[in-house]
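Listed below are the residues making up each chain.
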Amino acid sequence: DAGITQSPRHKVTETGTPVTLRCHQTENHRYMYWYRQDPGHGLRLIHYSYGVKDTDKGEVSDGYSVSRSKTEDFLLTLESATSSQTSVYFCAISRDRDTGELFFGEGSRLTVL
Amino acid sequence: SQKIEQNSEALNIQEGKTATLTCNYTNYSPAYLQWYRQDPGRGPVFLLLIRENEKEKRKERLKVTFDTTLKQSLFHITASQPADSATYLCARPSYSSASKIIFGSGTRLSIRP
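Numbering of residues starts from 1 in each chain and follows the order in which that chain's sequence is written. All chains are assigned letters beginning with A, and all ligands numbers beginning with 1, in the order in which they are written. Restriction of local features to residues with pLDDT of at least 70 applies here, the model being predicted, together with a cutoff of 80 or more for giving and counting side-chain atom pairs; totals for whole chains, interfaces and linings are based on all residues. Based on all heavy atoms of the structure, the side-chain values leave hydrogens and waters out of the count.

Draft legend 1. Here's a closer look at the overall build of chain A. The way it works is that DSSP assigns letters per residue, a run of H or I at least four long becomes a helix, a run of E at least two long becomes a strand, and they are numbered from the N terminus. Across its full length, chain A carries zero helices and 11 strands. In this description the radius of gyration comes from C-alpha coordinates, and the expected globular size is given by 2.2 Å times residues to the power 0.38. Taken over C-alpha atoms, the radius of gyration comes to 13 Å for chain A, in line with the 13 Å a tight globule of 113 residues would show. With the C-alpha coordinates aligned to their principal axes, the bounding extent of chain A is approximately 40 × 30 × 25 Å. Residue burial in chain A is summarised as follows: out of 113 residues, 47% are buried. Any pair of residues with heavy atoms lying within 4.5 Å of one another is described as a contacting pair. Sequence-distant contacts, at least 24 apart, represent 54% of the contacts inside chain A between residues at least 6 apart. The Shrake-Rupley method, run with a 1.4 Å probe sphere, supplies the accessible areas, and residue values consider only the shown protein chains as cover. Summed over all atoms, the accessible surface of chain A reaches about 5,400 Å², with 46% contributed by carbon and sulfur. The averaged location of the 15 negative side-chain charges in chain A is 3 Å from the averaged location of its 13 positive side-chain charges. The rule is simple: take the accessible area with a 1.4 Å probe, protein chains only, and divide by the maximum for that residue type; under 20% is buried, over 50% is exposed, in between is partly exposed. Positive charges come from Lys and Arg, negative ones from Asp and Glu, while His and the chain ends are left out of the count. Here the site of a charge means NZ on Lys, CZ on Arg, CG on Asp, or CD on Glu.

Quick look at the structure:
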């Protein structure tokens, strides 16, 4: 199994509070991704990174920011959480974009009350 | 924008039959399509990739086709088993950036004994 760790795995927070989810990899893969998964919507890309300090927006980036200060860590921050951001968040990594094969973490379930 | 659609939200079939799942895309043909399997509470797991110039690819009981005229990929599981029950997702690279991987909403497959 690819070495990907997401933390926390579960979090309950209140509207308006900041939240940071962490994705840590031990594979030294260049590409890292954050997706959210909601019933009926499948996986939607929030942000992704193609190298240290290199990030770009995905389909649903509003209300989210990311940072990647080193290869192994990709942080997703909700500056002021809203109930619409209640979701399961998945981190994924990929070695190259020729095949784009993604390896996923186990997910982080976030509930915003 | 490019979309990727999996028309069937759920599919129920009898054990031993062939399951066929459909993935349709819009606009430009992607360089490849990917298929993933996701079990409840887990992250998706990569199964197969088929490139634009490949008509068909097989892996054990799995077969994937890519029809650029119909803008469609079919995913077949032959001799289906209850253990094949899961959600299956197709994915494609974005036209604007090959590093962006976009997913369909998935098809939940149930194999009854």
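Next comes the rest of the write-up.
Draft legend 2. Representation of the state of the cysteines in the model. A pair of sulfur atoms, both from cysteines and within 2.5 Å, is called a disulfide here. In total, this model carries two disulfides over all chains according to the counting rule given. Put simply, Cys23(A) and Cys91(A) are joined by a disulfide, and their sulfur atoms are 1.9 Å apart. Linking Cys23(A) and Cys91(A), the disulfide has an S-S dihedral of approximately -70° and is accordingly described as left-handed. You can see Cys23(A) sitting in strand β3 (residues 19-25) and its partner Cys91(A) sitting in strand β9 (residues 87-94), a full 68 residues away along the chain. Across the disulfide from Cys23(B) sits Cys90(B); the S-S distance is 2.0 Å. Taking the sign of the S-S torsion, about 70° here, the bridge from Cys23(B) to Cys90(B) comes out right-handed. Of the two residues, Cys23(B) sits in strand β3 (residues 19-25) while Cys90(B) sits in strand β9 (residues 86-93), which places them 67 residues apart along the sequence. Residue Cys23(B) shares its accessibility class with Cys90(B), and that shared class is buried.

Draft legend 3. Local environment of the layout of surface pockets. Cavities and pockets are defined on a 1 Å grid built over the protein atoms alone: a cavity is a set of grid points where a 1.4 Å probe fits but cannot escape, while a pocket is an open set with protein on both sides within 12 Å along at least five of seven lines, and lining residues are those with an atom within 4 Å of any such point. Grid points are joined across faces, edges and corners, and a volume is the space filled by probe spheres set on the points. Within this model, the largest pocket holds a volume of roughly 760 Å³. In this structure, the largest pocket is lined by 30 residues; those nearest its centre are Gln37(A), Asp38(A), Pro39(A), Gln38(B) and Thr87(B). Residue assignment for the lining of the largest pocket shows that the elements contributing at least two residues are β4 (31-38), β9 and β11 (108-112) of chain A together with β9 and β11 (107-112) of chain B.

Draft legend 4. Local environment of the sheet that holds β3(A). Residue and element names in this part refer to chain A. Pairing between strands is defined by DSSP: at least two bridges between them are needed. The four strands are arranged β1-β3-β8-β7 in an open sheet whose pairing can be described as antiparallel. Looking at which strands have only one partner, the edges of the open sheet turn out to be β1 (4-7) and β7 (64-70). Neighbour-to-neighbour, the strand axes of this sheet turn through a mean angle of 15°, independent of strand direction. Here an angle of 0 to 180 degrees is reported between the N-to-C directions of two axes, which are lines fitted to C-alpha atoms, with helices fitted over the stretch in contact.

Draft legend 5. Molecular detail of unusual backbone geometry. In this structure, the amide linkage connecting Ser7(A) to the following residue, Pro8(A), adopts the cis form with an omega of -10°. Relative to the assigned elements, Pro8(A) resides in the loop between β1 and β2 (10-13). Notably, Lys71(B) is not glycine yet its phi reads approximately 55°, a positive angle. Residue placement: Lys71(B) occurs in the loop between β7 (62-67) and β8 (72-77). Relative accessible area serves as the criterion here: at 30%, Lys71(B) is assigned to the partly exposed category.

Draft legend 6. Local environment of the interface of chain A and chain B. Residue-level contacts link 23 residues of chain A with 21 residues of chain B. For the chain A and chain B pair, buried surface summed over both sides reaches about 1,800 Å², with 51% attributable to carbon and sulfur atoms. Put simply, a salt bridge is a Lys or Arg side-chain nitrogen that is within 4 Å of an Asp or Glu carboxyl oxygen. One can count one salt bridge joining chain A with chain B. Polar contact is the term for a pair of N or O atoms within 3.5 Å; when the atoms are in protein, one must be able to donate a hydrogen and the other to accept it, and sequence-neighboring residues count only if both atoms are side-chain atoms. Linking chain A to chain B there are seven residue pairs in polar contact (both at pLDDT 80 or more). Elements represented by at least two residues in the side of chain A that touches chain B include exactly β4, β5 (42-51) and β6 (54-57) of chain A. By definition, the buried area sums, over both parts, the 1.4 Å-probe accessible area that each loses when the two are put together.

So far we have only geometry, and geometry alone does not tell us how the molecule works.
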